[in-house]
Amino acid sequence: MIGYLRGKVAKLYADCCLLDVHGVGYRVFVGGMTRSKLRMGEDAELFIHTAVREDAILLYGFHTSEEYDTFQLLISVSGIGPKVALGILSAITVEQLAIAIRQKKSTVLTKLPGIGKKSAERIILELKDKVSVPESMEAVSEAEFDGSEQVGDDMMSEAGAALAALGYTQAEIAPALKKAVNCDSVEAAIKFALKELNKF
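The following paragraphs examine the structure supplied in this document. (Residues numbered from 1 in each chain as written. Predicted model: local features only at pLDDT ≥ 70, side-chain atom pairs only at ≥ 80, totals over all residues. Heavy atoms only, no water.)

This part covers the packing of aromatic side chains. Within this structure, the stated rule accounts for six aromatic pairs. Ring geometry for Tyr4 and Phe47: centres 6.1 Å apart, planes at 70 degrees, overall edge-to-face. Residue Tyr4 is found in strand E1 (residues 4-12), and its partner Phe47 is found in strand E4 (residues 43-52); the two are separated by 43 residues along the sequence. The exposure class of Phe47 is partly exposed, given its relative accessible area of 29%. An aromatic cluster is defined as three or more aromatic residues linked by ring pairs; in this entry it consists of Tyr4, Phe29, Phe47, Tyr60, Phe62, Tyr68 and Phe71. (Phe/Tyr/Trp six-rings, centres within 6.5 Å; stacked < 30°, edge-to-face > 60°. Helix = DSSP H or I, 4+ residues; strand = E, 2+ residues; numbered from the N terminus. Buried < 20%, exposed > 50% of the residue type's maximum accessible area, 1.4 Å probe, protein only.)

Now the structure itself:
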């Protein structure tokens, strides 16, 4: 199984990249956090999870070992597949996820793409003793989750999930959606947020 790749980023898409390793192009699916670190034509090192299915062999890449380890924990939970796990890591940082699990904040988890109430409860039950949080962050208050809380209604949650699927990070999404409070539909919120995000 492939566990690590180092090569040049030949192509960069919303949810994956083509990594040129000695002339061989590997299609690697990446989350928003990792994608934000990749640059066209530059070298990249990715920790790789190889998923073998009957019809395909899929590669999932991570910029840090912490993100890779968290992904492994997530897919160990019943009902959480690689795509959902990648979506989670696109919408929230490893640290924020660990805090939410340790503090049993199911309302934070249910705002993540692909996670309902039962899935959130399973994640907390199965991972609460497996994730670690630095002591300095153990007592984080609700303010830590301001980004996800302020886009918490159904419309903004859907818009946030759609933007995360496009490869944007929660740190990018939350400020853009805060400005979209007057939008009256998911589509309008997404369009507004994309305009904000593309200003930079």
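Back to the write-up after that little detour.
Take a nonpolar patch on the surface next. Where nonpolar side chains cluster on the molecular surface, the patch consists of Met1, Val52 and Ile57 and spans about 390 Å² of accessible area. Topologically, Ile57 is positioned in strand E5 (residues 57-62). (Patch = residues over 30% accessible without salt bridge, like charges linked within 9 Å, V, L, I, M, F, W, Y side chains within 5 Å. Areas by Shrake-Rupley, 256 points an atom, 1.4 Å probe, with all protein chains shown as cover. Salt bridge = Lys/Arg side-chain N within 4 Å of Asp/Glu carboxyl O.)

Let's shift gears to the nonpolar core. Counting 31 residues, the largest nonpolar core has Leu74, Leu97, Leu109 and Ile123 as the members making the most contacts within it. Elements supplying a minimum of two residues to this core: E5, helix H2 (65-75), helix H3 (82-91), helix H4 (94-102), helix H5 (106-109) and helix H6 (117-127). Dropping the residues within four chain positions of it, Ile123 is found in contact with Leu74, Val77, Ile80, Ile88, Ile101, Leu109, Ile115 and Lys128. One finds Tyr168, Ala180, Cys183 and Ile190 within the second-largest nonpolar core, a separate group that totals 15 residues. (Core = buried A, V, L, I, M, F, W, Y, C linked by side-chain atoms within 4.5 Å. Contact = heavy atoms within 4.5 Å.)

Moving on, we come to unusual backbone geometry. In this model, His22 sits at a positive phi of 55 degrees, which is unusual for a non-glycine residue. With respect to the helices and strands, His22 occurs in the loop between strand E2 (16-21) and strand E3 (24-30). Of note in the backbone geometry, Lys104 takes a positive phi value of approximately 55 degrees without being a glycine. As for its position among the elements, Lys104 is in the loop between H4 and H5.

In this sheet, E4 lies alongside E1 in antiparallel orientation, the contact comprising five bridges. Looking across to E4, one finds that Leu5 is bridged to Leu46. (Pairing = 2+ DSSP bridges.)

The α-helix winds at 3.6 residues per turn, so residues separated by three or four positions along the chain end up facing the same way. When the terminal C-alpha atoms of helix H10 (residues 186-197) are compared, their 16 Å separation across 12 residues agrees well with the 16 Å that a helix rising 1.5 Å per residue should span. Listed as buried for H10 are Val186, Ala189, Ile190, Ala193, Glu196 and Leu197. The buried side chains of H10 occupy one side of the element, clustering within an arc of 125 degrees when seen end-on. Set apart from the buried face of H10 by more than 90 degrees, the exposed residues are Glu187, Lys191 and Lys195. (Expected span 1.5 Å × (residues − 1). Arc of directions from axis to C-beta.)

One pass over the structure, following the stated rule, counts three salt bridges. Of the charged contacts in the structure, one is a salt bridge between Arg53 and Asp55, with a shortest N-O distance of 3.2 Å. Residue classification places Arg53 among the partly exposed positions, given a relative accessible area of 42%. Residue classification places Asp55 among the exposed positions, given a relative accessible area of 61%. One salt bridge connects Glu196 with Lys179, and the closest N-O pair in it is separated by 3.3 Å. Placement of the pair is Glu196 in helix H10 and Lys179 in the loop between helix H9 (170-178) and H10, with a sequence separation of 17 residues.

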